[in-house]
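Observations on chain architecture
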Amino acid sequence: MIQSIKDIVLFENDDYILVNKPPHVATLDERTGDKSSILRIAKNYHSDIQAGHRLDKETSGVLALAKNPEAYRHLSMQFEHRQVDKIYHAVVHGTEALENVNVYLPILPLKDGSVRIDTQSGKEAETFFDTMAIYKKHSLVQCAPVTGRMHQIRIHLSCLKMPIVCDPQYGGAPIFLSEIKRKFNLKQGTEEQPLIQRVALHAFSLSFHLLNDELITVEAPYPKDMQALIKQLEKNV
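Summary of the structure given here. Predicted, not measured: the structure shown is a model, and the values here were computed from it.

Here we look at the layout of surface pockets
One number sums up the size of the largest pocket: a volume of about 1,600 Å³. Around the largest pocket sit 44 residues that line it, and Arg-54, Leu-55, Asp-56, Met-150 and His-151 are the ones nearest its centre. Secondary-structure elements contributing two or more residues to the lining of the largest pocket are α2 (69–80), β5 (85–93), β7 (107–109) and α3 (152–159). For the lining of the largest pocket, the element with the most residues is α2, which contributes five residues. Of the residues belonging to the lining of the largest pocket, the class tally is 17 nonpolar, 13 polar and 14 charged.

What to know about α3
Extensive coverage of α3 is indicated by the burial of six of its eight residues. Of all the residues in α3, the buried ones are Gln-152, Ile-153, Arg-154, Ile-155, His-156 and Leu-157.

Some details on the nonpolar core
Core analysis: the biggest nonpolar cluster contains 58 residues, and Ile-38, Val-91, Leu-157, Ile-164 and Phe-208 have the highest contact counts within it. By residue number, the principal contributor to this core is strand β4 (residues 60–66), which donates five residues. For Phe-208, the contacting residues outside a window of four places in its chain are Tyr-16, Leu-18, Leu-75, Gln-78, Val-84, Glu-214, Leu-215 and Ile-216. Formed by five residues, the second largest nonpolar core is a distinct cluster that contains Ile-107, Ala-125, Ile-155 and Tyr-170.

Quick look at the pattern of salt bridges
Applying the stated rule across the entire model yields seven salt bridges. Here Lys-67 ties to Glu-12 by a salt bridge, and the two come within 2.7 Å at their closest N and O atoms. Of this pair, Lys-67 sits in the loop between β4 and α2 while Glu-12 sits in strand β1 (residues 9–12); the two residues are 55 residues apart in sequence, bridging distant segments of the chain. Since its relative accessible area comes to 9%, Lys-67 is described here as buried. Owing to a relative accessible area of 33%, Glu-12 belongs among the partly exposed residues under this scheme. Note that Asp-56 and Arg-154 form a salt bridge whose closest N and O atoms lie 3.2 Å from each other.

Things to note about the pairing of strand β11 (residues 201–209)
Here β11 lies mainly inside the structure; seven of its nine residues are buried. In this structure, β4 lies alongside β11, joined through two bridges in parallel fashion. If you follow Ser-60 over to β11, its bridge partner there is His-202. With five bridges joining them, β11 and strand β12 (residues 215–219) adopt antiparallel strand pairing. Bridging across to β12, His-209 finds its partner in Leu-215. Linking β11 back to β12 in an antiparallel pair, the connection comprises five residues, with Asp-213 at a positive phi of about 75°.

Calculation rules
- Residues numbered from 1 in each chain as written.
- Predicted model: local features only at pLDDT ≥ 70, side-chain atom pairs only at ≥ 80, totals over all residues.
- Heavy atoms only, no water.
- 1 Å grid on protein atoms, 1.4 Å probe; cavity = no way out; pocket = protein on both sides within 12 Å on 5 of 7 lines; lining within 4 Å.
- Points joined across faces, edges and corners; volume = space filled by probe spheres on them.
- Helix = DSSP H or I, 4+ residues; strand = E, 2+ residues; numbered from the N terminus.
- Nonpolar A, V, L, I, M, F, W, Y, C, P; charged D, E, K, R; others polar.
- Buried < 20%, exposed > 50% of the residue type's maximum accessible area, 1.4 Å probe, protein only.
- Core = buried A, V, L, I, M, F, W, Y, C linked by side-chain atoms within 4.5 Å.
- Contact = heavy atoms within 4.5 Å.
- Salt bridge = Lys/Arg side-chain N within 4 Å of Asp/Glu carboxyl O.
- Pairing = 2+ DSSP bridges.

Encoded structure:
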């Protein structure tokens, strides 16, 4: 649980705060009544703050917050005109070497909170993918979305038959140490837990222009669960 927004700040000036959002914390307050969102915690620090964009609850990484209406408008316009560069890292099933692979498939949101590819009614969606590392049965993939549709990276990777680890909504199974470690012994009477308890997706970097037109790029280190997962994959190639 985050006590103060200062605990997760990556960058701050008079107009913006960029934070490293932990997994399992919503960007905005949820309808369920959970009041521990990033925005709510940030408002305790600066009452006028607004979220410049959203990350899914399970997704970790860099999230931009605007301290005043002018800063919010400035960032919103950049998102609208696709002038914000976003880089995500995902641990996926499969070992294909992707090199600047482009997925251009329209996405339609569904009532159950998921999405599907729909060439008739879907909205334009485009993502570029590059494989960063290949392990025994999995890969670390860099994802660069051009558009910002809900669950875009997740469903586009699913279309490549490389769904994100621990993403059952789009075909991604949990990952267990017993799958990748040769001599794995589970203690008797214990149940093996997955190496990560969420969709293995991290918003690694965000680049945009400040109000003075200076271009900044802010990177977010991996949280502990993603670090531990990648460490195990590297050890057991």
